[in-house]
Each structure stands twice: as C-alpha cells, then as structure tokens.
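Inside the fold
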Amino acid sequence: MSDLLERKLVFITGKGGVGKTTVSAALALLAAQKGKKVLVCEVDAKGDLASFFEVDELVFKERQVSAGLWAMSMDTEASLREYLKLFLKIPLVGRIGPLAKAFDFVATAAPGVKEILIVGKFCWEVKENSYDMVIVDAAATGHIVGQLAAPQAINNLVKVGLIRSQTDWMLDILSDPSKTGLCIVATPEEMPIAETLELVNAMGEQTTVDLIAVIVNKVLPELFTKREEDIFESLCVAKAIKALNELLDGDVTSVLEGASLAVKMRRSRTSHLKRLRQELPEQYPIYYLPYMFRRTEGLRATHQIVTALSEELGI
C-alpha cells in the first residue's frame, strides 16, 4: 500500500483554495475502503468536511459517516474539557466558562498552548490506538508549522511537571516517521507552489514531523498530442468552422473555444509544475489529481476523487 496509508496520523495542509479538505475526505474514504478504521477531523471548523460526506454539521464528538469511517470537527474548549477530565481527573459539567476565559488569557500569553490541545487530541487517539488511521484536515500552510512545532516549543520552555510529561509522549508520536507524516496539497499555480516549497524547508528546520508527499490538485488534462494540436488549430479557422457547423447541424464555436482555453490554461500551469519537480527534494513523491469540473461537493464527487487518488497511488 502507498506510504500515505501506512501512517497512523496524517496531517493535510495547503494554501487556502487548493483542495486540502477534498484530499482529506478522499484519503479518509480510501483508507476506510481498504479496511482501516479511520477518523477524519477538520481543524478550522468551517463545516466543509461534512458536505463531502453529505452529513449534518460535524461536532467535537466523532460520528460515523461511512463504513469504517468517523468524522469530527475540532473545538478547543471541548478539547480542554476532555484534557482536564483525562489527565487532571476533573469532572466538568456544562460549559467551563471562567476556566475557558482563563485558558484564553494563558494561551495568549504563552503561544503554543491552544495548538497543544489541537495536536494533542489527535496524538491521544493514536496513543490509545482508537483508530487505525487519523487524518487531519489541518491548518493552512501559513499556520501548520506553528501547530506542529508547539509540543517542541512547550517542551523547551517547561523542563519538569505534568505539562512536560504530556509533551514528551506527543513528541514521540509526532517525531516517529512510521506513525506520523504531513502531506501538502497544492495546485499548479505560482503562489501555492511557492508556499509549498517554503513549507518543505520550514518543516525540516522547525519541526520533527516527516513530510510524506506533495499532492498537486486540479491538474488539467492534456487534450491533444502535438500532432493533434496542429489538426485542432486547423479546425479553428472560419472556413473549417463553417464546414463543421454544416456537417454537425449545430454551432461548434463554443466547443472549440473551450478546448482552446483548456490548452492555454494547461500550458500556463506547466512551468509551475516544472518548478515543483525541480526544487522539491527527490525523496518526496508528487501525486497528481485531475481537475474535477463540478459545481458542488458531495459524496459522488468524493468517490470520484477517491478513484483518481487510488489510481495515482497504484492501489
């Protein structure tokens, strides 16, 4: 099976709009189809993940959305409640009100505390072996390093005590490449590729988390070979268009214009893909997902991405 499905904990990140939630949902469903018990979670709580499975809004408590697949949405207050109950044995009923406000104050003064609650939740599920695989629709590229580096930052500040003991086991899980990894999603455009390459460097310098792969989403198909392009261009002249309209009893102009636009868009994106292949270290694989021409998400669209991802991974 692909290395993407061999880890216990996989974080999915990418610049906004590249489709990291799409990939998270598809990878989770693919893993479940391969017989794994899977938990997928969205961190930013925008509600997009639920739409890929056509279910109601997700909450902190995980809910089964498909065979072998559970989903949830991160809530830092609920995570704090769970942490206090598990590690400090404090029974909490209802909202934690003043305690949450105090926590917000501490979190503002000591960056990394909120991130610990988020990352710690997923590490806990791995530690308890609750699922075969935990997939995290994580923060965007601009914030993921801070999130993954938080346990190490806290570990450097706190040398003894309960908090230190908590970050120790989190770091053991995050730093183990056989258990944990990061997957970056990009599109063949200038800014997503640039941010991807910057993140690859930052990950190695600032975190202990292993990079698994880069997935390039929304790759346009190559419509024509060079020889076919010459034929296509010969059809785009007025005389040929008139003959085609008569032959097909219709107007082919919009079809030819659409094909021409697709060819131009693919050519304009080729340079960005070339840069990624040249500058990304060779040990990191690149996978490609096609542009899905659809207006809405949903279970059908998720299954289409699963099929494309399965073919690309060769599983």
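The text that follows walks through the structure, step by step, so that each part is easy to find.

Rules behind the numbers
- Residues numbered from 1 in each chain as written.
- Predicted model: local features only at pLDDT ≥ 70, side-chain atom pairs only at ≥ 80, totals over all residues.
- Heavy atoms only, no water.
- Axes fitted to C-alpha atoms, helices over the stretch in contact; angles between N-to-C directions.
- Helix = DSSP H or I, 4+ residues; strand = E, 2+ residues; numbered from the N terminus.
- Parallel < 35°, antiparallel > 145°, perpendicular 65-115°, else oblique.
- Contact = heavy atoms within 4.5 Å.
- Nonpolar A, V, L, I, M, F, W, Y, C, P; charged D, E, K, R; others polar.
- Salt bridge = Lys/Arg side-chain N within 4 Å of Asp/Glu carboxyl O.
- Pairing = 2+ DSSP bridges.
- Expected span 1.5 Å × (residues − 1).
- Bend = angle between axes of the 7 residues up to and from the residue.
- Buried < 20%, exposed > 50% of the residue type's maximum accessible area, 1.4 Å probe, protein only.
- Right-handed = clockwise from strand over helix to strand, strands pointing away.

**Comments concerning the packing of helix α8 (residues 190-206) against helix α11 (residues 253-279)**
- The N-to-C vectors of α8 and α11 enclose an angle of 10°; their axes lie 9 Å apart at closest approach. By the angle between their directions, the pair α8 and α11 is classed as roughly parallel. Across the interface between the two elements, Glu 190, Ile 193, Ala 194, Thr 196 and Leu 197 from α8 touch His 272, Arg 275, Leu 276 and Glu 279 from α11.
- Residue composition of the contact of α8 with α11, by class: 4 nonpolar, 2 polar and 3 charged.

**What to know about the pattern of salt bridges**
- Under the defined criterion, the tally for this structure stands at 5 salt bridges.
- Lys 15 is the partner of Glu 195 in a salt bridge, and the nearest nitrogen-oxygen pair spans 3.5 Å. Of this pair, Glu 195 sits in helix α8 while Lys 15 sits in the loop between β1 (9-14) and α1 (20-33), and the two are 180 residues apart along the sequence.

**A closer look at the sheet that holds β1**
- Spatially, 8 strands are ordered β3-β4-β2-β5-β1-β6-β7-β8 in an open sheet, and the strand pairing comes out mixed. What marks the edges here is a single partner per strand, and that holds for β3 (63-66) and β8 (286-290). Strand-to-strand twist in this sheet, taken as the mean axis angle between neighbours without regard to direction, amounts to 25°.
- Helix α5 (residues 113-127) rests against β1, β2 (38-42), β4 (69-73) and β5 (133-137) of the sheet, and its axis sits at about 150° to β1.
- Lying over the sheet, helix α12 (residues 299-313) contacts β7 (211-219) and β8, oriented at roughly 145° with respect to β8.

**Quick word on α5**
- Over its 15 residues, α5 runs 20 Å from end to end, which matches the ideal 21 Å to within 8%, given 1.5 Å per residue.
- Where α5 bends most, the angle comes to about 30°, and this point is Gly 120.
- In terms of burial, α5 is largely enclosed, as 11 of its 15 residues are buried.
- For α5, the complete set of buried residues consists of Ile 116, Leu 117, Ile 118, Val 119, Gly 120, Lys 121, Phe 122, Cys 123, Trp 124, Glu 125 and Val 126.
- With its phi angle positive at about 55°, Asn 129 sits one or two positions after the end of α5.

**What about unusual backbone geometry?**
- Of note in the backbone geometry, Glu 54 takes a positive phi value of approximately 55° without being a glycine.
- Relative to the elements of secondary structure, Glu 54 occurs in the loop between α2 (48-53) and β3.

**Structural notes on the pairing of strand β6 (residues 180-186)**
- Taken across its 7 residues, β6 has 7 buried, putting it largely inside the fold.
- Neither face of β6 is left uncovered, since the one carrying Thr 180, Leu 182, Ile 184 and Ala 186 and the one carrying Gly 181, Cys 183 and Val 185 both have all their residues buried.
- Bridge analysis of β1 against β6 gives 6 bridges, and the strand direction is parallel. When the sheet's bridge partners are listed, Phe 11 is paired in β6 with Leu 182.
- The parallel pair β6 and β7, bridged by α8, forms a crossover whose chirality is right-handed.

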